[in-house]
Amino acid sequence: QDRILETQIKAALDIYSMTNVVGEWSRSICGIGPVIAAGLLAHIDIKQAPTVGHIWSFAGLNPKQTWRKGQKRPWNASLKTLCWKMGESFVKIKSRDDGYYGRVYESRKAFEIEQNKSGAYGDQADAMLVAVPKHKQAATYKKRILPDSHIHMRAKRYAVKLFLAHWHEKAFEHEYQRKPPLPYVIEHLGHGHYIAPPE
């Protein structure tokens, strides 16, 4: 009965995600199925997200966010989980010809590995060693580099954040009939450059 119910729910999400322009675009992306596409539509209100930075923060992808004891969680836990699953999906399709965000992950991982080898993340490794001195990866942190698992997660988050930037652009254009403002890190801080959504 559970399997039957799950199949029925997936069928409903399939229909729901294809009745929306943004959902239809999401479904056209390799690695994004009806569940993730519908989840994004359910959790994100474009009217509350004038920039993609608002979505990143709402999804728990803002590295400056902190959640202290006694405070309300500053992000949506369900959306954060959905983004984690999205990242895993991109990793799985990295070798496919139509796996655009999988290739983004691969490319970013190679970049992160080189950055790590050059010592660019030494301060972060030091901070981890101070925060958790008995961490199982303490030996790696002492070398002032991040372990492979950190590099994997950094590359995965990059691919997910790029997808969300493209999702935001599509949703914003559909809602307001104009291009959205560039992310703050590009427009004001000069980090990176604009990458158009895949069609």
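Residue numbers restart at each chain and count upward from 1, following the sequence in its written direction. With pLDDT at 70 or above as the cut-off, local features in this predicted model cover only qualifying residues; side-chain atom pairs require 80 or more to be listed or tallied, and sums for whole chains, interfaces and linings still use all residues. To get the side-chain values, all heavy atoms of the structure are used, and hydrogens and water are removed first.

K.L.:
Just to check I follow, could you spell out the overall build of the protein chain for this structure?
P.N.:
By definition, any uninterrupted DSSP run of H or I lasting at least four residues is a helix, any uninterrupted run of E lasting at least two residues is a strand, and each is numbered from the N terminus. In terms of helices and strands, the protein chain carries 10 helices and zero strands. Beginning at the N terminus, the succession of helices and strands in the protein chain can be written as α-α-α-α-α-α-α-α-α-α. Seen through its C-alpha atoms, the protein chain measures out along the principal axes to roughly 50 × 50 × 45 Å. Exposed residues in this analysis have more than 50% of their type's maximum accessible area, buried residues have under 20%, and partly exposed residues fall in between, with area computed by a 1.4 Å probe over protein chains only. Counting only residues that meet the buried cut, the protein chain has 35% of its 199 residues in that class. For the protein chain, the accessible area works out to roughly 12300 Å², and carbon and sulfur atoms hold 55% of it. Asp and Glu count as negative and Lys and Arg as positive, but His and the ends of the chain are not part of the count. A charge is said to be at NZ when it belongs to Lys, at CZ for Arg, at CG for Asp and at CD for Glu. For the protein chain, the separation between the mean place of its 30 positive charges and that of its 19 negative charges on side chains is 9 Å. Method for areas: the Shrake-Rupley scheme with a 1.4 Å probe, in which residue coverage is limited to the protein chains shown.

K.L.:
Just to check I follow, could you spell out unusual backbone geometry for this structure?
P.N.:
Note on backbone geometry: most residues besides glycine have negative phi, and most peptide bonds are trans. At R144, a position not held by glycine, the phi torsion is positive, near 65°. Mapping R144 onto the fold places it in the loop between helix 8 (138-142) and helix 9 (148-176). One non-glycine residue, Q177, lies in positive phi territory at about 60°. One can find Q177 in the loop between helix 9 and helix 10 (184-187).

K.L.:
Help me understand the side chain of K170 in this model?
P.N.:
Considering the arrangement of structural elements, one finds K170 in helix 9. What makes K170 buried here is its relative accessible area of 17%. Pairs of residues are marked as contacts when any of their non-hydrogen atoms sit within 4.5 Å. In this structure K170 touches V22, W25, P197 and E199, once residues within four positions along its chain are discounted.

K.L.:
Hey, could you run me through the pattern of salt bridges in this one?
P.N.:
Pairing is possible between side chains of opposite charge, provided their charged atoms come close. Salt bridges are defined as contacts in which a side-chain nitrogen from Lys or Arg sits within 4 Å of a carboxyl oxygen from Asp or Glu. Counted under the stated rule, the structure contains 12 salt bridges. Notably, a salt bridge pairs D126 with R144, separated by 2.8 Å at the nearest N-O pair. Linking D126 in helix 7 (residues 122-131) with R144 in the loop between helix 8 and helix 9, this pair joins segments that are 18 residues apart in sequence. According to the relative accessible area criterion, D126 is partly exposed, its value standing at 29%. Overall, R144 belongs to the partly exposed group, its relative accessible area being 35%. Residue K179 is joined to E173 by a salt bridge in which the shortest nitrogen-to-oxygen separation is 2.9 Å. Classification of K179 as exposed rests on a relative accessible area of 52%. The class for E173 is partly exposed, based on a relative accessible area of 23%. Connected via shared salt-bridge partners are R108, E112 and R154.

K.L.:
Help me out: how do you make sense of helix 9 in this one?
P.N.:
One less than the residue count of a helix, multiplied by 1.5 Å, gives the span that helix is expected to have. For helix 9, built from 29 residues, the straight-helix expectation of 42 Å at 1.5 Å per residue is met to within 8% by its first-to-last C-alpha distance of 42 Å. Within two residues after helix 9, Q177 carries a phi angle of roughly 60°, on the positive side.

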